[in-house]
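Take a look at the letters that make up each chain.
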Amino acid sequence: MAQRLLGQETEFGFAAFSPDGARLGGDRPASLLLAVAGRRLPHLPDMHSHGMFLASGGRFYMDAGHHPEGTTPECPNPWDVVRYNLALEEILTGLGAAMKAADPGIGEVMFFKSNVDYSGSGNSWGCHENYMHCVEPDVLTEQLIPHLASRVIYTGCGGFDPFAPGLDFMLSPRVAHLRQVTSADSMHARALCDTRNEPLAGLGYHRAHLLCGESLCSHTSAWLKIATTALVVALVEGGVRPANAVPLRSPLDATRCFATDTTCRAVVEAASNTYWTALGIQYHYLALAEARVDAPFMPPWAGEVCRHWSAILQRLESAPYSVSATLDWAIKLVLYRERARRRGISWEQLPAWNSYLADLASVLGRQQPTLDAVCELPLDELKRMASQYGLCALELPAFLELRDELFELDTRFGQLGAGGVFAALDRAGVLHHRFPGVDNIAHAMVSPPASGRARVRGACVQRLAAHPDEYSCTWDQIVDNRRNRRLDLSDPFVAGEAWEDLRKAGPAETEYARDMAARLRTLRERERQHVRF
Amino acid sequence: MNERERPRTDTAGPAGGGTGTPDGQNVERIRRAGEEFYAAADAAIKSALSTNHATFLANSRQEGGQ
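Being a predicted model, the structure only gives us computed values, none of them experimental. (Residues numbered from 1 in each chain as written. Chains lettered and ligands numbered in written order. Predicted model: local features only at pLDDT ≥ 70, side-chain atom pairs only at ≥ 80, totals over all residues.)

### What to know about the sheet that holds strand 19 (residues 499-501) of chain A
Strands belonging to one sheet form pairs held by backbone hydrogen bonds; the direction of such a pair is parallel or antiparallel.
Residue and element names in this part refer to chain A.
And then number 1: Judged by pairing direction, the sheet is antiparallel, and its 4 strands sit side by side in the order 16-17-18-19 without closing on themselves. Among the strands making up the open sheet, the edge pair consists of strand 16 (471-474) and strand 19. Strand-to-strand, the axes of this sheet are offset by a mean angle of 20 degrees, without reference to chain direction.
And then number 2: Note that strand 17 (residues 477-480) and strand 18 (residues 485-488) share 4 bridges and pair antiparallel. Along strand 18, the bridge assignment pairs Ile 478 with Leu 487. (Pairing = 2+ DSSP bridges. Helix = DSSP H or I, 4+ residues; strand = E, 2+ residues; numbered from the N terminus. Axes fitted to C-alpha atoms, helices over the stretch in contact; angles between N-to-C directions.)

In structure tokens form, the structure reads like this:
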């Protein structure tokens, strides 16, 4: 059976507040978080950023927009990817508490497992997946697209379209931020598949880097996202071409269509003049995987993935309600419907409210009308516009209050720590999201996976972290700047440590070592400047 | 349509019971599970949400990432 390596990069929402509740802006919270991480976590410094490689073999750093980002180590199976991601959350929660303890000017630190901002900024941040493979990248991208478009029925985190003036529930709000099918620009032209050629390994390996996924609270959903996609990658590597039967006419439109359909019954057109539901596409990919579970190119856990994949599709097919305590979007849907009902607004009325709000947004010239802005319009005009949709304008304040409440609730749903809504529901025992084998999180916080180069990297971090100034690390190597030697990790499956003495190396390697040492000195100096708070 | 007819093998369901289509035996269990869910949700939301949602959203505004 084929070995595979998988991983995930999670950017977290992050906000720190003073004891009197004022938001702390600028670089200070991020700098303090990094400084606290540097003191508390055994690590080797990251060669290329203000971050660090951890004893798990994973990486922690600050990404664009002051988002703390945790990357799992390269994992041999989907169980480990979910475990190591949960371990990163535990680590981050601990760092938040340590920030408060370290600085009396900090009253509260919040981390959010979410991907969209509801303040009207139109901002998003990512949860990217990585799959090692040996296929021509363009071929893999093409074959993945129908799977990525349709998997939202079980991988969507749920929430609202952040660009809509009202309350447009989506299975996957990240989809509202996708602008292209493929792109190398992960900030301004986000795509289903990123086409940056960054394998982070040698020997002809490639890395599929997917931008369309979301941070998930449900262990089942998180596991399915990684496990099913890894099987599709394996299928394509084995020569199977599943997308050839589902050449979606417009992949982005199809993704949006599936991401806004809570019935999982919406139909999209393929270029072959056939029509497909998301379930239909998923069953098609599943059937191809089921027929090849024992093929040499499939991982040893392919059969187990197929069983769980099949089970979730059956539940979604029989009734989406059947996943309402299991999948993120479905948990949110029942929760938010009930909140709306209690405010006297029926979920079925939302399309009418959304049309009304769209009209108001147009009149007011702002994306999301507020109560203050709406009150500037004559009441008669508000009533006339509302009556077009069978609504009462006097209920507008209640709807706007509901919108803001649900936006906050959606943000708080994935808040890390005991205060998060998902965490509270989980503690109360009313969810059924846990997944057998996703356990031993404490181990994953301090130990690498059992195989692959992350095992070697993690062991090095554990042993060398007492002297972080002497080393610098990246995904495919560790450099010992004092002894002038280098550990090559470009083979993703390297099993042992073989340090290369750069003093015996040729001029190119010596120059490389000098360059790395200079970079490390620069980073250290910057780090010292950053931690002066 | 391309959906396949498949045997139903999964037994987990809403709040832990049923195959998704509530029948007579499951209705009471589902109703109880629903009540427990909403009670837990009430407690969680009461504890989590601020009193001024618009202010919370503005104060916790996030910059763009990747």
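Having seen the structure, we can now continue with the description.
### A look at the interface of chain B and chain A
And then number 1: Of the residues lining the interface, 42 residues belong to chain B; the matching set on chain A comes to 54 residues.
And then number 2: Elements supplying a minimum of two residues to the side of chain B that touches chain A: helix 1 (24-48) and helix 2 (53-59) of chain B.
And then number 3: It is helix 1 of chain B that provides the largest number of residues to the side of chain B that touches chain A, a total of 10 residues.
And then number 4: Residues of the side of chain B that touches chain A, tallied by class, amount to 17 nonpolar, 17 polar and 8 charged. (Contact = placed C-beta atoms within 7 Å. Nonpolar A, V, L, I, M, F, W, Y, C, P; charged D, E, K, R; others polar.)

### Notes on the confidence of the model for chain B
And then number 1: Residues of chain B with pLDDT of at least 70 account for 67%, and the chain-wide mean is 74.
And then number 2: Considering only residues more than four positions removed or in separate chains, one finds that residues 1-19 of chain B, a stretch of pLDDT under 50, has 54 contacts. (pLDDT = per-residue confidence, 0-100.)

### Focus: the sheet that holds strand 12 (residues 191-194) of chain A
Residues and elements named next belong to chain A.
And then number 1: Read across the sheet, 9 strands follow the order 3-4-5-6-1-8-13-12-11 without closing on themselves; strand pairing throughout is mixed. If you trace the sheet from one side to the other, it starts and ends with strand 3 (43-45) and strand 11 (180-183), each paired once. This sheet shows a mean twist of 20 degrees between the axes of neighbouring strands, independent of strand direction.
And then number 2: Here strand 1 (residues 6-11) runs beside strand 6 (residues 67-71); their pairing, made up of 3 bridges, is antiparallel. Its bridge partner lying in strand 6, Thr 10 is registered against Gly 70.
And then number 3: In the packing of helix 1 (residues 28-40) onto the sheet, the strands contacted are strand 3, strand 4 (52-54), strand 5 (59-63) and strand 6, and the crossing angle to strand 5 comes to about 165 degrees.

### As for the nonpolar core
Residues and elements named next belong to chain A.
And then number 1: Membership of the largest hydrophobic core comes to 156 residues, with the highest contact counts inside it found for Ile 153, Leu 231 and Val 421.
And then number 2: Broken down by element, this core gets its largest block of residues, 12 residues, from helix 5 (residues 219-237).
And then number 3: Lining this core are residues from two domains, each supplying at least three of them: domain 1 (6-329 + 417-441) and domain 2 (343-413).
And then number 4: The contacts of Ile 153, once residues within four sequence positions are left out, are Leu 171, Phe 258, Cys 264, Ala 278, Leu 279 and Leu 316. (Core = buried A, V, L, I, M, F, W, Y, C linked by C-beta atoms within 7 Å. Buried ≥ 20, exposed ≤ 12 C-beta atoms within 10 Å, placed from the backbone. Domains from an automatic or database assignment.)

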